[in-house]
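Survey of secondary and tertiary structure
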Amino acid sequence: MAGSPEAAQEEAVAAQGREPPAGGAARSGKRAATAGAGALQPAKLSRAELYKPPTSEELSRLKETEDLFHSSLLRLQIEELLKEVTLKETKKKKIDAFLHEINSLLSAIPETPETELTDQAWLPKGVKVPFLQVPFSVKGRFRFLPPAELKVVGSYLLGTCIKPEINVDVAVTMPREIFQDKDNLNQRYHRKRALYLAHIAQHFSKEKLFSSVKFAYMNSNHLKPIVLLRPQGKDEKMVTVRLHACPVPDLFKPSRFYPSKNNVRTAWFMEQSTPKEGATEPPTPHYNNSILCDTVLLSHLHFLSSAAADFPGMKDGLALLKVWLHQRQLSKGLGCFSGFLVSMLVAYLLMKRKIVKMMSGYQVLRSTLQFLATTDLSVTGISLAKDVDASLPVLDDFHQAFEVVFVDPSGLVNLCADMTASKYHQVQFEAKRSMEILDDRMVDGFQALLMTTKPMLRAFDHVFHLKHVSKLQGACKKMQLLNELMDRGGNYVAAALPFMVSLLARGLAGRALLVTHSLPQIPEWQIDAEPPKHKDVGPLTFGLLFVPEFAASTLEKGPQADHPEALDFRTFWGEKSELRRFQDGSICEAVVWEADTVCQKRLIPEQIIRHLLKLHMDIPESSLCYTGALLESVIRTGQEASGTGEEAMVSVVCSYDDLSRKLWNLKGLPLTVTAVQGVHPALRYTDVFPPIPMKPIYSFHSRIRTKHLLLPSEEKPCPAYIAPLKIICHMEGSGQWPQDKEAIKRIKAAFHLQLAELLQQQHQLVCRPAVTHTDVYKDGYVFRLQVAYHREPLILKEVVTPEGMLKYQDTEESRQLELETLHLPYLTSSLHGLQQQHPVFGSTCRLAKRWVSAQLLSDSISEECVDLLVAFLFLHPAPFTPPSSPQVGFLRFLDLLATFDWKNNPLIVNLNAGLTDADCTEIKNKFVAARSRLPVMFIATPKDQWSSMWTQERPSAQILQRLLVLSSESLRALEEQLMDPLNSQDVKMVFRPPLDFYDVLIHLNPNQIPRHLESVDRPLKSFSRGVVKNSTAVKILFPVVDYDPVQCYLQELRDAFSDLALFFYDKHGGEVIAVLWKPLSFQPQPFKVSSMKGRMVTTLNNELVCVPNVEAILEDFEVLGEGLVKSVEARTEKWTI
C-alpha cells in the first residue's frame, strides 16, 4: 500500500494536520470559518508516481505497520508526536555546555568550619535553610566540604526526557567527612543535606551564569529539598537543572532502614526530656525510604541504561507514556506516578519478558497499559530485586508499611512509597479505559489518549475541595495518627490523606467507582524566603466517579441488628444509623438520607461526605466547598428552590402516554390511528423549562362570548406562556385517501375536527380544532395533535414536466413535512431512549440550551442540533466515561464546541449504534470530497448520513465562530471559578452575555414578557400572570396557547429589517433584544425607487445615493413594539448616524 494513492494521501494529511505539542492547546486545530482555506486537500501525484511498485524498504515498513499499529494513520500520528516532544541535538549541546560550567563552579565552593547542627549563624543573610526544622533542637555537627563527585542521573542521559519541561537531574555526592554515627536518626541526615544545598545555592546565586537559583521540594516531599538552576538569557526556559545531594555509597548500613525499623524517636519528636518507660518505638518506613532513595540514585541509572540499551522502542514508549500521564495530571506532586516510576515499570516488564527489545514504542505503551490495567499493586506488589537475599525484607513487610508496593533492584526501596492506594486505582482505571479505547475501531485512539487533557473537573462527576488543609492537623489528633506524623516529618497532609480517602471510599462504596484526590503540590521558592509550610499546598481537590444506578439511592442498608458487624456499622455512621424493619421481615441497621427531588438525590454523596468528615475527622462543613452541582440553579423551576424540573418532565410524559393510549382506542374514526409520536422537546426530557400544569384565571382575560374563547386582557400583564406540546398522529393508509395535495389537506382538517369531537365525547377532554391541528387540554397541559398520512410527502414531491412526464423531486414543502412527521419523531424517540440509559442526559441538554439561549443565540442554532451535540458526549465519551452529573456534561459540551475541528471533520452521532466502522469511514471520505457544499457544522446520524438536516440553515459560519469564542471563554472562566474554592464566585457569570458587542439594545417592558421568571437572575418582583397551577380542571374555557408577544415582535422586526440588521434575544425571559447592523447594508448604494425601504437619499460626490435612515429605523423599532418596548438605546460610538 505504500506506493498506493491511499498511502500518499495519508502522508499528505499527516504532513498538513500537524498537532500542537501535548502541553499546548491540543486539539484546537485551525478554526477558520470558510471551508476553502485551511481545509485538507489530497496530494496530487502523477500517474507514474501513483502506480510505481513499492520498494523493499516500503514493504518492510508496511509489514511492520500491519503487525505493530492499528493503521498507518496511527503510526504517522505517533511519529509526529514523538518529533514534537523529543529534544533536538542543538539543544542537547547547549545543555551539556551548561552542565560542564556547573561542574567547575561546584568544585570551587569554599569549605566552612565545623559547627553544631543547630548553630546556623555561619549561613549568610541571603539564604534560608530549605527545611522545616520542627522540632529545632537536634544533636550532631556540620561543615561544608566540596562534593566528592557529580553525576548526571535520570531521564536526560537515557534520552527519555520530553518537552515542554526539560529537567536534568544531577546527583551531588556529599563527602564522608561531614557525617557522624547516628546521622540516620531524628532527621539529622536530612538537615545536613538541606544545609549542604543551602550553602551551594547561596554561592550560585552570585554567579552570572544563572538567571535564577531557587529551592523546591522533590515531588513536593518536605524531607527532600533540591536546588533548581536555570541558564541566563533566552535559554532560560530551555532547561532546569535539579541538584540532588546524596551520601557516599555504603555510608549507612542498609539493615537500619528496613520498613519495620524506627529512626525517629518519639521523645525527640514530642520534645520530651526523657522517653516513656517501656514504650516501644513505632516503625518509620517513609522516613527510612526517603534516606534510602538517595543512596540508590546511581544504581538506578545503571539499571535503566542497561534496560534501554539497543532498545529504541523503549525511548519512544516512555515518551508516549509520559504524555499519557501528563494529560491525566498524574505525573506531578506528592505520590505521583512520575516519569521515573514508569521507566522502572517498563524495565520490570522487560525483565519479566512481558516486553521484548524488538517492540515499537506503541507496543511498549500497550503492554504497559495492559499490565497496569490488570495488576493491583496495592494488593500484590512487585519487585525488581533478582537474587533473593534471605536477610532482605519481603513483599509482605512492605505491604504492611505502604499502601502501594513496587520494590527497586536493591530490594530496599519502595518506589511507590508516597502513593496512596486511591491514586494507584485511578492510574489502573485510566489504563483500563485506555485499553478499551485502543481496541475500539470507532474511536480515534491517538486523539483520545495522547491529545486530550483530562482535568479533574471534566473527568469526574462531582468535585469538592478541602479549602483549609490546616484542618487536617485536628484530623490527625482525632484519628490518633502520631506515628504517621513522625514518619512523615510532621507533614499532616501526607499523614491524613490516605485515611481520609479510604474513609470516603468506604462511605461511598457501591455509589462511586472511584474516589480520588489531587496531588499535593508545592511551588518552588526564592532562596532567601522561608521554606513553605505544610499548609502551603493550597486547597486539596477530590473527584468522585459514580455508578449511575446507585449513586442517588436514599438508603444505606447495614447488617442485621444481632450480627457482630452491626456495632462496626453503628460506629462508622454515628447517630445517623438507626434500626429499621424491612419488607422481608428482617430488622437491620440502616441509614436513610433526606432527599425529595432528583436533584437533591444527586447530592446525597455530598451529605455522606460532610457527615463522615465531621464525625471521624472533625473537619467542619465550612471547610468543604462542594462544587458538584453549582450550575444547576439556572434550570431550577418556580420560586421554591426544590427541584430542577425532572419531576415535572416525568408528569408531562405520563400525561402524554395516557393521551396516546386514548387516541389508539378511539371508537368511531373512519381510519384507525397507527402511531402516536411526540415531537416536543419535553417528550424527550430536553425542554429547558418543562411545562407546568396551568388553569386560566378568567378575570385576567376578556372573552369572545360566541366562541367560548379567552383573549389576553389589555390592562393586565401578559398571561403566562403555555407551550403546545406537539404530537404527530399517523393514520392508516387506505385506497380512500385522495392523491391530490389540496384534497389531502381537507381530509386532514376533517380528521382534526373529528378527533376533537370524539375526545370530547368519549373522554370529556376540552379540545379546540383548527385546520392544521387540534389542541387538547389535558391534566393542565395543552397537547397539539397533528394528523399525518405517510404518502403525503411523496405526493408533495410530484412535479409535472412540460412534456407531461411525472417526476419526483424534493420541494421545500415536502422537506418540511418529512422533517416534522418522520425525522423529528425518530430523533425524539431515540433521545428518549438515551435518557433511559443515562439519567442525566436531559438535564445536561437543558443546561447546554439554557447557555446557548443566555448568549442570545437560541434562534441561530436549532434545539435538535444542541440535543445531538450533547448526545455525542454520552455516546462517544472517550477518553472519559459517560457523564453522571449535569454539570460535568455541560463542561464537556463547552469543550466539544470549542475544540472540535468543524472544518475538517463531520461530527458522527451514532444513535442506537446504527452505524458500522465502514459507514463512518464512508461518511468521512464523502465529507472531505464535498466539504465546500456542506453546512459549516456537519452532524451525521444513522438516519441522516449525508444531509445534516438539523444544521442545514443555521448556524451560519459567523455564528459558529461566535459560539466557539463564547464557549472557550465560558469554559475557561467556569473552570477557574470551580477550581478556586477560596473565592466564592457567582457561577452564573457565564450565563450573563456581554452586551457591548451590539449596536442597538431594545429594552422591553417586564410585565409583557410571559417567561420573565425563567431569566438567569430571578426578578425580585414578579407579576401575577393570570393562571393558577392546577391539573384537575375539566370544564374550563380554553387558555391562550403559544402567545409570546416578544416572539411576535421579533418576527415583525425580522420581516421588516432582516436585510439591514440581525436580531438576538434570550427567549427565556430576556429583557433585551440586541441588534447588530449588517456592515454591507451601510455602504451607500445608487438611488433606485424599488430599493428605498428604510433608506434615505443623500448626495455623495455630486451623485444621489441611498443610505440607511437609522433615526427613522430606531423610531420604527419603538412604534412596532408600542407597549412592549420600554426604550431603544443606540450605541452610536460604534457607528455614525
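Right, let's walk through the structure included here. (Residues numbered from 1 in each chain as written. Predicted model: local features only at pLDDT ≥ 70, side-chain atom pairs only at ≥ 80, totals over all residues. Heavy atoms only, no water.)

Our next topic: the overall build of the protein chain. The secondary structure content of the protein chain amounts to 34 helices and 37 strands. Scaling as 2.2 N^0.38, a compact globule of 1137 residues should have a C-alpha radius of gyration of about 32 Å, and the protein chain matches this with 36 Å. Every one of the 1137 residues in the protein chain was classed for burial, and the buried ones make up 54%. Sequence-distant contacts in the protein chain: of pairs separated by 6 or more residues, those separated by 24 or more amount to 73%. Taken as a whole, the protein chain presents about 50,500 Å² of accessible surface, with 54% of it coming from carbon and sulfur. Distance from the positive charge centre (128 side chains) to the negative charge centre (128 side chains) of the protein chain: 1 Å. (Helix = DSSP H or I, 4+ residues; strand = E, 2+ residues; numbered from the N terminus. Rg over C-alpha atoms; globule rule 2.2 N^0.38 Å. Buried < 20%, exposed > 50% of the residue type's maximum accessible area, 1.4 Å probe, protein only. Contact = heavy atoms within 4.5 Å. Areas by Shrake-Rupley, 256 points an atom, 1.4 Å probe, with all protein chains shown as cover. Lys, Arg positive; Asp, Glu negative; His and termini not counted. Charge placed at Lys NZ, Arg CZ, Asp CG, Glu CD.)

As a further point, take the sheet that holds strand S3 (residues 149-153). A sheet is described by the order of its strands in space; here six strands give the open sequence S3-S4-S7-S6-S5-S12, paired in mixed fashion. Edge positions in the open sheet fall to S3 and strand S12 (525-526), since each of these has one partner strand only. Relative to strand S7 (residues 240-247), helix H7 (residues 188-204) is tilted by about 140 degrees, and along the sheet it contacts strand S4 (167-174), strand S5 (210-217), strand S6 (225-231) and S7. (Pairing = 2+ DSSP bridges. Axes fitted to C-alpha atoms, helices over the stretch in contact; angles between N-to-C directions.)

What follows concerns the packing of aromatic side chains. Here the structure, examined in full by the defined rule, presents 32 aromatic pairs. Seen from their ring centres, Phe464 and Phe542 are 5.0 Å apart, and the 10 degrees between their planes marks the pair as stacked. Taken together, the residues Phe464 in strand S10 (residues 462-466) and Phe542 in strand S13 (residues 540-546) connect sequence positions 78 residues apart. Given a relative accessible area of 0%, Phe464 falls into the buried group. One aromatic cluster is present, built from ring pairs that chain together Phe179, Tyr189, Phe252 and Phe257. The residue whose ring lies beneath Lys557 is Phe582, and the NZ or CZ to ring-centre distance is 4.5 Å. Across the ring face of Tyr826, the terminal group of Lys943 is positioned such that the distance to the ring centre comes to 4.7 Å. (Phe/Tyr/Trp six-rings, centres within 6.5 Å; stacked < 30°, edge-to-face > 60°. Lys NZ or Arg CZ within 6 Å of the ring centre and 35° of its normal.)

Within the secondary structure layout, Ser660 lies in helix H24 (residues 646-664). Take Ser660: its relative accessible area is 11%, and that puts it in the buried class. For Ser660 and Gly678, which are 18 residues apart along the polypeptide, the C-alpha to C-alpha distance reads 9.2 Å. Of note is the side chain of Ser660, whose polar atom sits 2.8 Å from the backbone oxygen of Asp657. (Polar contact = N/O pair within 3.5 Å; in protein donor to acceptor, adjacent residues only side chain to side chain.)

Turning our eyes to something else, we now look at the environment of Leu395. Within the secondary structure, Leu395 is located in helix H14 (residues 395-401). Residues contacting Leu395, with those up to four places away along its chain left out, are Gly381, Ile382, Ser383, Val405 and Val407.

One can describe the packing of helix H20 (residues 492-507) onto helix H21 (residues 565-573) by two numbers: an axis separation of 12 Å at closest approach and a directional angle of 115 degrees. With respect to the hand of their crossing, H20 and H21 are arranged in left-handed fashion. On H21, the residues that touch Leu503, Arg506 and Gly507 of H20 are Asp568, Phe572 and Trp573. Grouping the amino acids of the contact of H20 with H21 by side-chain chemistry returns three nonpolar, one polar and two charged. (Left-handed = near helix turned anticlockwise from the far one by under 90°. Nonpolar A, V, L, I, M, F, W, Y, C, P; charged D, E, K, R; others polar.)

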